[in-house]
Amino acid sequence: MLNTIGRRLSLATRVALVSGSIGVVLVTLAAVIGYVALMQQLDSRALHSLQGKRQLIRHVLAEIGAADKVPEHAARFAELLIGHDELHLAIVGKDKVLADFSPLARESVACCGNIANRDGVANWRSRENDRYTSLTDNLALANGDTLRVILSQQRADDTRLLQEYMQAALIGLSLLVVLVLAGAWLVTRTVLAPLAEFKKLARASSSVSLARRLMPEALPLELRGLANDFNAMLTRIDIGVTQLIQFSGDLAHEMRTPVGILLGRTQMMLSRPRSNDELLAALEANVEELERLTRLIDDMLFLARAENETEQLSIEPLSVRQQAQTVADFIDVIAAERGIRIEIDGDASVYANKILLQRAITNLLTNAIRHATENSVVRVLAGGNADEGEVEVAVENTGAAIAAEDLARVFDRFYRVDKGRARQAGGAGLGLSIVTTIMRLHGGRVTAKSGAPDENPGTIRFTLVFPDKIAKVQ
């Protein structure tokens, strides 16, 4: 129930309630401490007054020769009590009360006559429930005999003062509670006011409007880090939305071409009667387009699964040379059609997923064969930096140089340096994107380099970099 109510309250209200509660506890504690301190001070003052009167009574008793003479000096004792209506005195001998000056004094004999604590102080209440403090002591006469003296002070004024203090404290406490709650709420609202900028920006942001950003320098120092993180999040979302929009357009374009070809060819075949040979040729051509469309769908499914992968990869130590040779044997027929020879140099051991490693090498080799000069050599180079724990797997070919603006985008989905040639060769522009995703899953990266003019501008190299610290370079 309390949790439900708490969730319905605003943050400002919750902070104000917590701050106000703390303030109430502190103010209440201060009031209690004040009450205790005042009560102790009043007790100390009453005791000090009783001790002063006891000293005067001691002097009077010291001048009296015997206990039976005490009643004769009653007037002297009464003089000590003039102007102190709250004081009551009783003098007790061995067998009887020798002198008392009020009914309350006689009552104090029955209550405190036998008190035996070290200080001789007792707090008690009369039959009328009035509060009294009594001081008892054995005082000596002139002949050396001792009498029991009971001096009591009525504490009605002190009780009234304490009651007035409590009433004032309760009234003040109520006002302070209101002021503390109001102040806490006002301070909280003021402190949280800058968060309204986050709210405005969140409301103004949409899939078609993600350009606005917070101004960290206009916010309090404590919120600048949050503002920077919020801006970074919006930037990532903006990039993601832009890429998604571009990807959706590219995907529609890529699928529209084979679907359009299939539809057009099929409609043409159905426009008039066709021979078996014509129908067979059309079906064979349709199969090629369907295979291209299937590869496109498979690649998209792979990228979707890879980007949403939550389970850890199953990795094992693999020989790069052995995996590259397996791939080379598989695609050697494709390379032979263009007179291209695949060579593998060096070796290294890397911890990776076998299927994904083979697919990454396959995509790089297929891309290299597709763009290499006929009757040339495509090389797979394995090695790395043992000190840094990195293993590099490079695929190198000779062909047309890649411009700098194209080199920066070769890993983008559906991007082609030579768009017409890539489609004719069966490429959809996803192979290098898949390689990038595979390396990201392994915690590595892939780089692309086109030879500098002072070297061989036609040398193209794509390099897989595995950062595994337990990789072994041979």
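The structure displayed is predicted, hence computed values, not measured ones. (Residues numbered from 1 in each chain as written. Predicted model: local features only at pLDDT ≥ 70, side-chain atom pairs only at ≥ 80, totals over all residues. Heavy atoms only, no water.)

## As for the sheet that holds strand β2 (residues 97-100)
Here comes step 1: Taken in spatial order, the 5 strands line up as β2-β1-β5-β4-β3 in an open sheet, and their pairing is antiparallel. Only two strands of the sheet have a single partner each, and these edge strands are β2 and β3 (121-125). Strand-to-strand twist across the sheet, computed as the mean angle between neighbouring axes with direction ignored, equals 20°.
Here comes step 2: Direction of pairing for strand β1 (residues 87-92) relative to strand β5 (residues 146-154): antiparallel, over a ladder of 6 bridges. Looking at the pairing, Ile91 lines up with Val149 of β5.
Here comes step 3: Sitting on the sheet, helix α2 (residues 11-62) touches β1, β3, β4 (131-140) and β5, and the angle it makes with β4 is about 30°.
Here comes step 4: Packed on one face of the sheet, helix α4 (residues 103-112) meets β1, β2, β3, β4 and β5 and runs near 60° to β1. (Pairing = 2+ DSSP bridges. Helix = DSSP H or I, 4+ residues; strand = E, 2+ residues; numbered from the N terminus. Axes fitted to C-alpha atoms, helices over the stretch in contact; angles between N-to-C directions. Contact = heavy atoms within 4.5 Å.)

## Side note on the environment of Met39
Here comes step 1: Locating Met39 in the fold gives a position in helix α2.
Here comes step 2: Residue class for Met39 comes out partly exposed when judged on its relative accessible area of 28%. (Buried < 20%, exposed > 50% of the residue type's maximum accessible area, 1.4 Å probe, protein only.)

## Here we look at the pairing of β2
Here comes step 1: Both β1 and β2 contribute to a ladder of 3 bridges, which runs antiparallel. What sits directly across from Val92, in β2, is Val97.
Here comes step 2: Hairpin connection between β1 and β2: a loop of 4 residues separates the two successive antiparallel strands.

## Description of the side chain of Ser433
Here comes step 1: Considering the arrangement of structural elements, one finds Ser433 in helix α13 (residues 431-441).
Here comes step 2: The residues touching Ser433, leaving out its near neighbours within four places in the chain, are Leu303, Phe411, Asp412 and Arg413.

## Quick look at the packing of aromatic side chains
Here comes step 1: All told, the structure shown has 3 aromatic pairs when counted by the stated rule.
Here comes step 2: Taking the centre distance of 5.2 Å and the plane angle of 20° together, the rings of Trp124 and Tyr132 count as stacked. This pair shows no difference in class: Trp124 is buried, exactly as Tyr132 is. (Phe/Tyr/Trp six-rings, centres within 6.5 Å; stacked < 30°, edge-to-face > 60°.)

## So, the packing of helix α9 (residues 320-337) against helix α10 (residues 354-371)
Here comes step 1: Between α9 and α10, whose axes approach to 9 Å, the crossing angle comes to 35°. Here the hand of the crossing between α9 and α10 comes out right-handed. In this structure, α9 uses Gln323, Ala324, Thr326, Val327, Ala328, Ile331, Ile334 and Ala335 to contact α10, whose residues at the interface are Lys354, Leu357, Gln358, Ile361, Thr362, Leu365, Thr366 and Ile369.
Here comes step 2: Here the residues of the contact of α9 with α10 sort into 10 nonpolar, 5 polar and 1 charged. (Left-handed = near helix turned anticlockwise from the far one by under 90°. Nonpolar A, V, L, I, M, F, W, Y, C, P; charged D, E, K, R; others polar.)

## Regarding α4
Here comes step 1: Within α4, the full set of buried residues consists of Leu104, Ala105, Glu107, Ser108, Val109 and Cys112.
Here comes step 2: Of the surrounding secondary structure, the elements contacted by the buried residues of α4 are β1, β2, β3, β4 and β5.

Purely spatial values, then, with no claim about function.
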